[in-house]
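Listed below, chain by chain, are the residues.
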Amino acid sequence: EKAGATASLARAVLGLTGESRAPLALSVIGFGVGFPIFCDSGFVVLSGLAVSLAAQSPGRRVWLVVSLATGLYAVHCLVPPHPGITAAAGTLGADIGRTMLLGAVAALPAAAVGYLWAKWLNRRAGIPPVEVLDYQPQQQPERLPSPLLSALPVVGPVALIAIKSLVLLEPAPVASGLLNVVKIAGDPVVALLIGILLCLPLFPKIEKTAVNQLLEAALVKSGGILLITGAGGAFGEVIKALNLGEVFGPAFAASGLGLLIPFALAAVFKTAQGSSTVAVISAASILAPLLPSLGFDAENSRIFALLAMGAGSMAVSHTNDSYFWVVSRFGQLDTNTALRSYSVASALMGLAGLAAVWAMWVWNQF
């Protein structure tokens, strides 16, 4: 963000697609940039691009803004290393690499549904822009880094984690020394550290003070996430000690609802309190001891249950969600418009994500 890499990637994608396909380009940009960046941060960074494009063609404002918002949101809820799905994976004992790969697959139709909904709604009724007095466009460096270098901090960590998961599926042909390197480099903590190092060459001049300020700001932002994750883990241990599996297990097993149970529980938490991170962590903490009763005790089955919770944590984003206000304010949409467009899109995305997870789960049965 600070080095201008996000703006460089956005311009590169728009250069390939052209302004006539700008909404689709924004959806793709949001999906790609969303892997290492929180959805709210990503939207703040890229909103200037969306608003400037909307100023050139006001009739497509909703289409542009919601396409960007949903592309970022799909990845945030379903793909590690985002904090909610990552912490829930730890609670359920799911493999991070496989969760990342399957989560990205499930996020694709969710993002596509968000884009198509925005397209349909925008054609149905164009909505005029709303003046936002406190909007401050993101300042970009005078000289942007190349798109290739800009993509490395995004692609690098994802590729390292994915390679580790793929290699560990069949580790026998790999030499022991190389296998150890893959295991270390593919660990999420190490992979993200490598991503940070890949960011440094993007700055024309690396100043110690500036780097320290960036790292300090990142630590301040991550503090709340660490607190939520730690509290979620403690909550999970309390739930396990209550032996809820013995109480609710037979009823859940007899219901035959399968993936609908983790999806619905996460959706209730999300709609009630607004945070996708809290929703998926809370759902995982409650359902962890119940997964055997639901038929999700195998390793891959746990991942599908986890992704169903991730899909549930999308629905529904509304006025108690901070991201809703980020989209509304920086996208320059009034509250009613944001509710009609983005909030409805979040509900449709959750259902699309659930459908994708269910299809993968059925495929895995064969």
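Residues numbered from 1 in each chain as written. Predicted model: local features only at pLDDT ≥ 70, side-chain atom pairs only at ≥ 80, totals over all residues. Heavy atoms only, no water.

Draft legend 1. Broad picture of helix 6 (residues 96–124). Counted at 1.5 Å a residue, the expected span for helix 6 with its 29 residues is 42 Å, and the 41 Å between its end C-alpha atoms agrees. The opening residue of helix 6 is Asp-95, an N-cap whose side-chain oxygen sits 3.2 Å from the backbone nitrogen of Gly-97. (Helix = DSSP H or I, 4+ residues; strand = E, 2+ residues; numbered from the N terminus. Expected span 1.5 Å × (residues − 1). Polar contact = N/O pair within 3.5 Å; in protein donor to acceptor, adjacent residues only side chain to side chain.)

Draft legend 2. View of the nonpolar core. Ranked by size, the top nonpolar core spans 88 residues in total, and within it Phe-43, Val-79, Met-309, Met-314 and Tyr-323 carry the most contacts. Among the elements that take part in this core, helix 4 (residues 61–78) stands out by supplying 13 residues, more than any other. Phe-43 has contacts with Val-65, Leu-68, Ala-69, Leu-72, Tyr-323, Val-326, Val-327, Phe-330 and Gly-331, leaving out every residue within four places of it along the chain. (Core = buried A, V, L, I, M, F, W, Y, C linked by side-chain atoms within 4.5 Å. Buried < 20%, exposed > 50% of the residue type's maximum accessible area, 1.4 Å probe, protein only. Contact = heavy atoms within 4.5 Å.)

Draft legend 3. How the structure looks around the packing of helix 15 (residues 299–312) against helix 17 (residues 335–365). Orientation of helix 15 relative to helix 17, taken along the N-to-C sense of each, is 170°, at an axis distance of 8 Å. The angle between helix 15 and helix 17 falls in the class roughly antiparallel. Along its contact with helix 15, which presents Asn-300, Ser-301, Phe-304, Leu-307, Ala-308 and Ala-311, the element helix 17 presents Gly-350, Gly-353, Leu-354, Val-357, Met-360, Trp-361 and Asn-364. Among the residues forming the contact of helix 15 with helix 17, the class breakdown is eight nonpolar, five polar and no charged. (Axes fitted to C-alpha atoms, helices over the stretch in contact; angles between N-to-C directions. Parallel < 35°, antiparallel > 145°, perpendicular 65-115°, else oblique. Nonpolar A, V, L, I, M, F, W, Y, C, P; charged D, E, K, R; others polar.)

Draft legend 4. Molecular detail of a nonpolar patch on the surface. Together, Leu-193, Ile-196, Leu-197 and Leu-215 give the surface a local cluster of nonpolar side chains, amounting to about 370 Å² of exposed area. Broken down by element, the nonpolar patch gets its largest block of residues, three residues, from helix 9 (residues 188–199). Relative to the assigned elements, Ile-196 resides in helix 9. Relative accessible area serves as the criterion here: at 43%, Ile-196 is assigned to the partly exposed category. (Patch = residues over 30% accessible without salt bridge, like charges linked within 9 Å, V, L, I, M, F, W, Y side chains within 5 Å. Areas by Shrake-Rupley, 256 points an atom, 1.4 Å probe, with all protein chains shown as cover. Salt bridge = Lys/Arg side-chain N within 4 Å of Asp/Glu carboxyl O.)

Draft legend 5. Structural context of unusual backbone geometry. Looking along the chain, the bond that leaves Pro-80 and enters Pro-81 is cis, with omega of 15°. Inspection of the secondary structure assignment puts Pro-81 in the loop between helix 4 and helix 5 (83–92). At the junction of Ala-315 and Val-316, the peptide bond is cis and its omega measures out at 5° in the coordinates. Mapped onto the elements, Val-316 comes out in the loop between helix 15 and helix 16 (322–330).

Draft legend 6. Focus on the pattern of salt bridges. In total, this model carries three salt bridges according to the counting rule given. Arg-302 is paired through a salt bridge with Asp-297; the nearest N and O atoms lie 3.2 Å apart.

Draft legend 7. View of the layout of surface pockets. Considered as a void within the structure, the largest pocket measures approximately 1,800 Å³ in volume. Lining the largest pocket are 43 residues; nearest its centre among them are Pro-36, Ile-37, Phe-38, Ile-196 and Ala-218. Residue assignment for the lining of the largest pocket shows that the elements contributing at least two residues are helix 1 (5–17), helix 3 (39–56), helix 5, helix 7 (147–169), helix 9 and helix 10 (208–241). It is helix 10 that provides the largest number of residues to the lining of the largest pocket, a total of 11 residues. When its residues are assigned to classes, the lining of the largest pocket shows 32 nonpolar, eight polar and three charged. (1 Å grid on protein atoms, 1.4 Å probe; cavity = no way out; pocket = protein on both sides within 12 Å on 5 of 7 lines; lining within 4 Å. Points joined across faces, edges and corners; volume = space filled by probe spheres on them.)

Draft legend 8. Structural context of empty space enclosed by the protein. Scanning all chains against the criterion turns up two cavities of 30 Å³ or more. Looking at the largest cavity, its volume works out to about 50 Å³. Lining the largest cavity are Phe-35, Pro-36, Pro-81, Met-100, Val-154, Pro-157, Val-158, Ile-161 and Leu-192. Sort the elements by how many residues they give to the lining of the largest cavity and helix 7 lands first, with four residues. Split into classes, the residues belonging to the lining of the largest cavity amount to nine nonpolar, no polar and no charged. Elements that contribute at least two residues to the lining of the second largest cavity include exactly helix 4, helix 5 and helix 13 (276–287). Element by element, the count of residues in the lining of the second largest cavity is highest for helix 13, at three residues. In terms of residue class, the lining of the second largest cavity is built from three nonpolar, five polar and no charged.

Draft legend 9. Geometry of the packing of helix 6 against helix 15. Two numbers describe how helix 6 lies on helix 15: the axes approach to 10 Å, and their chain directions differ by 50°. Looking at the two axes, helix 6 sits oblique to helix 15. Crossing hand, helix 6 versus helix 15: right-handed. Packed against helix 6, whose contacting residues are Arg-98, Thr-99, Leu-102 and Gly-103, the element helix 15 presents Glu-299, Asn-300, Ile-303, Phe-304, Leu-306 and Leu-307 at the interface. For the contact of helix 6 with helix 15, the class distribution of residues is five nonpolar, three polar and two charged. (Left-handed = near helix turned anticlockwise from the far one by under 90°.)

Draft legend 10. Fine view of helix 5. Counting buried positions over the 10 residues of helix 5 gives seven, a clear majority of the element. Among all positions in helix 5, only Pro-83, Gly-84, Ile-85, Ala-87, Ala-88, Ala-89 and Leu-92 are buried. At the C-terminal side of helix 5, Gly-93 shows a positive phi close to 75°.

Draft legend 11. A look at the side chain of Ser-8. Residue placement: Ser-8 occurs in helix 1. The class of Ser-8 is buried, set by a relative accessible area of 5%. Looking at Ser-8, its side chain comes within polar contact range of the side chain of Ser-150, at 3.5 Å. The contact partners of Ser-8, leaving out residues within four places of it in the chain, are Leu-144, Pro-145, Ser-146, Pro-147 and Ser-150.

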